[in-house]
Each structure stands twice: as C-alpha cells, then as structure tokens.
Amino acid sequence: MAEGRASTGNDGFTADERAAMKERAAELRAEAKRAKGAAKAEAELNDLLEAIAKLPDAGDRALATRLHELIMAAAPQLAPRTWYGMPAYALDGKVLCFVQPASKFDTRYTTLGFNDTARLDDGAMWPASFAVMSIGQAEEQRITELVRRAVG
C-alpha cells in the first residue's frame, strides 16, 4: 500500500487526507485575510494556478491545466480557487466543481467532480464525478457540456 494511503493513526485518516485538511485550513485562513472584490479573485486564481504548477506529475499538470481552460471557457462566471489544495470553481461562493489530480491521493486517474450545487440531476441517480485519463475532442465536448449544465 502506498505510504500516503495507509492510515497512520487512530483517527482513520491517511497522511494524504490529513495534508488536504491542513491545506483547506490554510486556505480558510488566507481567505479571511484577503481583500474583497477583484484583488481577492486575482489572489484565488493565482492560488489555483500555483497549485497546478506544483503538481508533482507532468501528466497531472497537463490535465489540470486543460481542465482549467475548458471550465473557464464553458462558464467564465465561475470563480477559480483552491479547495483542499485542489483546483476548484465556485458559483455564488460555493464550490461547484473541482479537479482532483491523480497524484493528490495516489489514485489511478484524475477526477473531475461536482458538488451538490451542480445542476446535473437526471432522474433518481446520476454521476457526480468523472475519471479523466486524457482529453481529446470528445472529452472536451463532454466536459464543456457538463460544466454548462452544472451551472444551469
């Protein structure tokens, strides 16, 4: 089992999960200190771009960068930011969707996930996260469609 995935204590969280929680706490502290308006939006975008640049895997960086471009093109009204150290996009202050790079929790694929504020409802059951191994033209169209639908 990978080191980050093994539980290292009685709390049941892996080292990677604890690190993500610490990143979220730091994000909240930084948020509280930030100015409002354009300066805040610019700082949050810079945080997101820095988080992508720091990804240890070149494939993750490329996927996260392309997902960022597609999400922002599909829904420029979303506010880019980080969430648990991952790229995320908020609508009206709530995270609508996020990118979980494979290297974040030592998983097989990058995930494009949507929170409950996303308007993806389709009957009594629908997917809320999608594995992303690569992005071609078909995936670009699907991602764009999903993001636009999620925003409503």
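Refer to the structure above for everything that follows.
Residues numbered from 1 in each chain as written. Predicted model: local features only at pLDDT ≥ 70, side-chain atom pairs only at ≥ 80, totals over all residues. Heavy atoms only, no water.

Caption draft 1: A look at the nonpolar core. Judged by nonpolar contacts, the single largest core of 27 residues is most densely connected at Ile71, Leu78, Tyr89, Val99, Leu112, Phe114 and Val147. Contributions of two or more residues to this core are made by helix H2 (38–53), helix H3 (58–74), strand E3 (94–100), strand E4 (110–114), strand E5 (129–132) and helix H4 (137–151). For Val99, the contacting residues outside a window of four places in its chain are Ala64, Leu67, Ile71, Met86, Pro87, Tyr89, Thr110, Thr111 and Leu112. Counting residues in each nonpolar core, the second largest holds 7 residues, with Trp83, Met86, Phe98 and Phe105 among its members. (Core = buried A, V, L, I, M, F, W, Y, C linked by side-chain atoms within 4.5 Å. Buried < 20%, exposed > 50% of the residue type's maximum accessible area, 1.4 Å probe, protein only. Helix = DSSP H or I, 4+ residues; strand = E, 2+ residues; numbered from the N terminus. Contact = heavy atoms within 4.5 Å.)

Caption draft 2: Representation of H2. Compared with an ideal rise of 1.5 Å per residue, which puts 16 residues at 22 Å, H2 spans 22 Å between its outermost C-alpha atoms and is within 8% of the ideal. Taken residue by residue, H2 has Ala43, Glu44, Leu48, Ala51 and Ile52 as its buried positions. Among the structural elements, helix H1 (15–33), H3, strand E1 (79–83) and strand E2 (86–91) are those in contact with the buried residues of H2. (Expected span 1.5 Å × (residues − 1).)

Caption draft 3: Region of the structure containing the sheet that holds E5. In space, the 5 strands of this open sheet follow the order E1-E2-E3-E4-E5, with antiparallel pairing throughout. The open sheet terminates on both sides in strands that have one partner only, identified here as E1 and E5. Put simply, the sheet's adjacent strands are angled 25 degrees from each other on average, direction ignored. Bridge analysis of E2 against E3 gives 4 bridges, and the strand direction is antiparallel. Bridge pairing in E3 places Tyr89 opposite Cys97. Sheet strands in contact with H2 are E1 and E2, and its direction is about 55 degrees off that of E1. Along the sheet face, H3 touches E1, E2, E3, E4 and E5 and points at about 30 degrees away from the line of E4. (Pairing = 2+ DSSP bridges. Axes fitted to C-alpha atoms, helices over the stretch in contact; angles between N-to-C directions.)

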